[in-house]
Amino acid sequence: MYGLSAADEDIRARARAFADELIPFEVQAELAGGLPDDIAAAHKKRAIELGLFATNMPRDLGGGGASTLQQVLVQEQVGRVTNALGWVAATPPSWFPPVATADQVERYLAPTVRGEREECYAITEEGAGTDVDAIEATAYRDGDSWVLNGVKWHVTSYNSADYAFFQAKKIDDAERGRPAPGTAHLLFLVDLPSPGVSVVRTPAYTHTISHHHPVVAFEDVRVPAANLVGADGDGMLYSREWFRFERLMVAARCTGAAERLVAEMTAFAATRVAGGVPIAGHGLVAGMLADSVTELFAARSMLYETARAIDRDPADTRTAHAQCSMIKLYCSEMAGRVADRAVQVFGGRGYMRENVAERFFRELRVERIWEGTSEIQRMIIARQLTGRGVAALA
Ligand SMILES: Cc1cc2nc3c(=O)[nH]c(=O)nc-3n(C[C@H](O)[C@H](O)[C@H](O)COP(=O)(O)OP(=O)(O)OC[C@H]3O[C@@H](n4cnc5c(N)ncnc54)[C@H](O)[C@@H]3O)c2cc1C
């Protein structure tokens, strides 16, 4: 099915077997808010051994050099696992290698590809999420250093990260107030911990995973000039490229989650007897199963085609941008619908935290919010549709 090559089937099978190894740890992680460090470290080591780590990075840096389709196949499988246990099959920033200096490769990128260092992203602020240009974080040059200030929200994985990508607007000196809209964005590498970087608070979120999302203050944080990423003023360019990649990977993980849910609710419906017959024999339940597998098939077909289009013509980033929005929108909303039906099919059991449907029902909600909300994906899609016509997108 889906015309996968032998190499595609091979990496998919490895990722599927790895996901099956992680699934038995889900309930432990759910109840404890994560796994003990030694188990989590063993899972990461296993992901590296199986060739499932940094699949998106170039081979000359030690990465997997996988095609976009193969990266999708891996993320789809690890998406079958709840509680973010599959995140150990990490994908470091794919936009970074072409712009990283030799020094940045040595200090940040290569150790990240080897699994020795981890990154986090500090972009969003209290007043700037969807509208990234509203950020108020600032950076000014002082001799051989940059001085960074700002308060960042939802900094995912800050508690395990060794460094942060910090996005700020460039100002001339410490005296100037708020940066004007349209001011150039800069991206910096900030080692963690660093003097001036502190956690303001660590809010609880809907999911229970080991990765926290604290509010983090950066106060007069000094980084060497060598920690500016890429060209002066290109900060937004990299964030946009990252969104495109991550939207596709969100779609892949949502498709994997939907597959797991369809399989689990179908198995339950085939054996749970109510009214003298397995509940799958009741038309209203059968309808939920049928709708879910149909949407899964549509999502997966679209997902693989989107990935293949990028592999065929990587230079067409404009079409990829729209199609990655389309696939993120469709798969995240589809997975939410499937999770909602799965809870319903499991009945009271579907409301128990030990049940996969309950966990995915909560965990999948954020897929419609992060990496650009569903509303923003629709705006991107509609903008290209009205500008380029339907044939350019579908
Ligand atoms: C669990 C979690 C982890 C995250 N991790 C990170 C991270 O690691 N690093 C990071 O930098 N950020 C992170 N984020 C932030 C995330 O990317 C933002 O929450 C997201 O982009 C939405 O921004 P916002 O929350 O400010 O919502 P807002 O921008 O305030 O939007 C609120 C609502 O208004 C709608 N809206 C806004 N503008 C428009 C518009 N122009 N047209 C139509 N509707 C609009 C939105 O769709 C949404 O429904 C994370 C968020 C969460 C919840």
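Residues numbered from 1 in each chain as written. Predicted model: local features only at pLDDT ≥ 70, side-chain atom pairs only at ≥ 80, totals over all residues. Heavy atoms only, no water.

Q: Hey, could you run me through empty space enclosed by the protein in this one?
A: Where empty space is left can be seen by rolling a probe of water-molecule size over the atoms. For the structure on display, the rule yields two cavities of 30 Å³ or more. Every residue lining the largest cavity is counted, 18 residues in all, and those nearest its centre are Val81, Ala84, Trp87, Glu363 and Glu367. When residues of the lining of the largest cavity are traced back to their parent elements, those giving at least two are α7 (235-271) and α10 (356-363). Here the lining of the largest cavity takes three residues from α7, the largest share from any one element. Taken together, the residues that form the lining of the largest cavity break down as eleven nonpolar, four polar and three charged. In this structure, the second largest cavity is lined by Trp95, Tyr121, Ile123, Phe165, Leu187, Tyr238, Ser239 and Trp242. Ranked by residue count, the leading element in the lining of the second largest cavity is α7, at three residues. By residue class, the composition of the lining of the second largest cavity is seven nonpolar, one polar and no charged. (1 Å grid on protein atoms, 1.4 Å probe; cavity = no way out; pocket = protein on both sides within 12 Å on 5 of 7 lines; lining within 4 Å. Points joined across faces, edges and corners; volume = space filled by probe spheres on them. Helix = DSSP H or I, 4+ residues; strand = E, 2+ residues; numbered from the N terminus. Nonpolar A, V, L, I, M, F, W, Y, C, P; charged D, E, K, R; others polar.)

Q: Mind showing me how you'd approach the site of the ligand here?
A: Taken together, 16 residues surround the ligand, and among them Thr124, Thr130, Thr156, Thr373 and Glu375 come closest. Here a nitrogen atom of the ligand sits 2.9 Å away from a polar atom, N or O, in the main chain of tyrosine 121. Taking threonine 156, its side chain carries an N or O atom lying 2.6 Å from a nitrogen atom of the ligand. For the ligand, the accessible surface in isolation is 970 Å², of which the surrounding protein chains cover 64%. Sorting elements by how many residues they give to the shell around the ligand places helix α11 (residues 374-388) first, with three residues. The residue makeup of the shell around the ligand, split by class, is eight nonpolar, seven polar and one charged. (Near = heavy atom within 4 Å. Polar contact = N/O pair within 3.5 Å; in protein donor to acceptor, adjacent residues only side chain to side chain. Areas by Shrake-Rupley, 256 points an atom, 1.4 Å probe, with all protein chains shown as cover.)

Q: Would you mind going over the pattern of salt bridges with me for this structure?
A: Opposite charge on two side chains permits pairing when their charged atoms draw close. Across all of its chains, the model carries 27 salt bridges by this definition. For glutamate 30, the salt bridge is made with arginine 362, and the minimal N-O distance between the two is 2.9 Å. Pair noted here: glutamate 30 is in helix α2 (residues 26-32) and arginine 362 is in helix α10, with a separation of 332 residues, a long-range link. Comparing glutamate 30 with arginine 362, the two get one shared label, buried. Close ionic contact of glutamate 295 with arginine 337 constitutes a salt bridge, the shortest N to O distance being 2.4 Å. Taken together, the positions of glutamate 295 in helix α8 (residues 283-312) and arginine 337 in helix α9 (residues 317-346) put the pair 42 residues apart, joining distant regions of the chain. A relative accessible area of 12% means that glutamate 295 is categorised as buried. Overlapping salt bridges, with partners in common, bring together Arg16, Glu76, Glu259 and Arg300 in one network. (Salt bridge = Lys/Arg side-chain N within 4 Å of Asp/Glu carboxyl O. Buried < 20%, exposed > 50% of the residue type's maximum accessible area, 1.4 Å probe, protein only.)

Q: What's the story with the packing of α8 against α9 in this structure? I'm lost.
A: As a packed pair, α8 and α9 sit with axes 9 Å apart at the nearest point and diverge in direction by 160°. In this view, α8 runs roughly antiparallel relative to α9, as classed from their interaxial angle. Considering only the axes of α8 and α9, their crossing is left-handed. Its residues placed into classes, the contact of α8 with α9 shows 19 nonpolar, four polar and four charged. (Axes fitted to C-alpha atoms, helices over the stretch in contact; angles between N-to-C directions. Parallel < 35°, antiparallel > 145°, perpendicular 65-115°, else oblique. Left-handed = near helix turned anticlockwise from the far one by under 90°.)

Q: Explain the packing of aromatic side chains here, please?
A: Two numbers describe a pair of aromatic rings. These are the distance of the centres and the angle of the planes. This structure, assessed with the given rule, holds 15 aromatic pairs. Measuring from ring centre to ring centre gives 4.4 Å for phenylalanine 166 and phenylalanine 218, while their planes differ by 45°; the resulting arrangement is tilted. With phenylalanine 166 in strand β4 (residues 163-170) and phenylalanine 218 in strand β7 (residues 215-224), this residue pair connects regions lying 52 residues apart in the sequence. Neither phenylalanine 166 nor phenylalanine 218 differs from the other in exposure class; each is buried. Over the ring of tryptophan 153 we find arginine 201; its NZ or CZ atom is 5.6 Å from the centre of that ring. (Phe/Tyr/Trp six-rings, centres within 6.5 Å; stacked < 30°, edge-to-face > 60°. Lys NZ or Arg CZ within 6 Å of the ring centre and 35° of its normal.)

Q: Mind showing me how you'd approach the layout of surface pockets here?
A: In this model, the second largest pocket occupies a volume close to 570 Å³. The set of elements that each furnish at least two residues to the lining of the second largest pocket consists of α4 (68-78), α5 (96-99), α7, α8 and α9. Class assignment for the residues of the lining of the second largest pocket results in twelve nonpolar, five polar and five charged.

Q: Whenever I open this one, the nonpolar core confuses me. Can you help?
A: A general trend in soluble globular proteins is that nonpolar side chains are found buried together. Membership of the largest hydrophobic core comes to 59 residues, with the highest contact counts inside it found for Phe96 and Val345. Sorting the residues of this core by element identifies α4, α6 (102-113), β4, β5 (185-191), α7, α8, α9 and α10 as the ones contributing at least two each. Sorting elements by how many residues they give to this core places α7 first, with 16 residues. Other than its neighbours up to four places away in sequence, phenylalanine 96 contacts Gln104, Tyr108, Leu109, Phe165, Leu189 and Val229. (Core = buried A, V, L, I, M, F, W, Y, C linked by side-chain atoms within 4.5 Å. Contact = heavy atoms within 4.5 Å.)

Q: What is the right way to look at the side chain of arginine 260 in this model?
A: By the element assignment, arginine 260 lies in helix α7. For arginine 260, a relative accessible area of 7% translates into the label buried. Among the polar contacts made by the side chain of arginine 260, one reaches the side chain of glutamate 26 at a distance of 2.8 Å. Apart from the residues lying within four places of it in its own chain, the contact partners of arginine 260 are Ile23, Glu26, Arg80, Val81, Thr82, Val356, Arg359 and Phe360.

Fair warning: the whole summary comes from geometry, so function is off the table for now.
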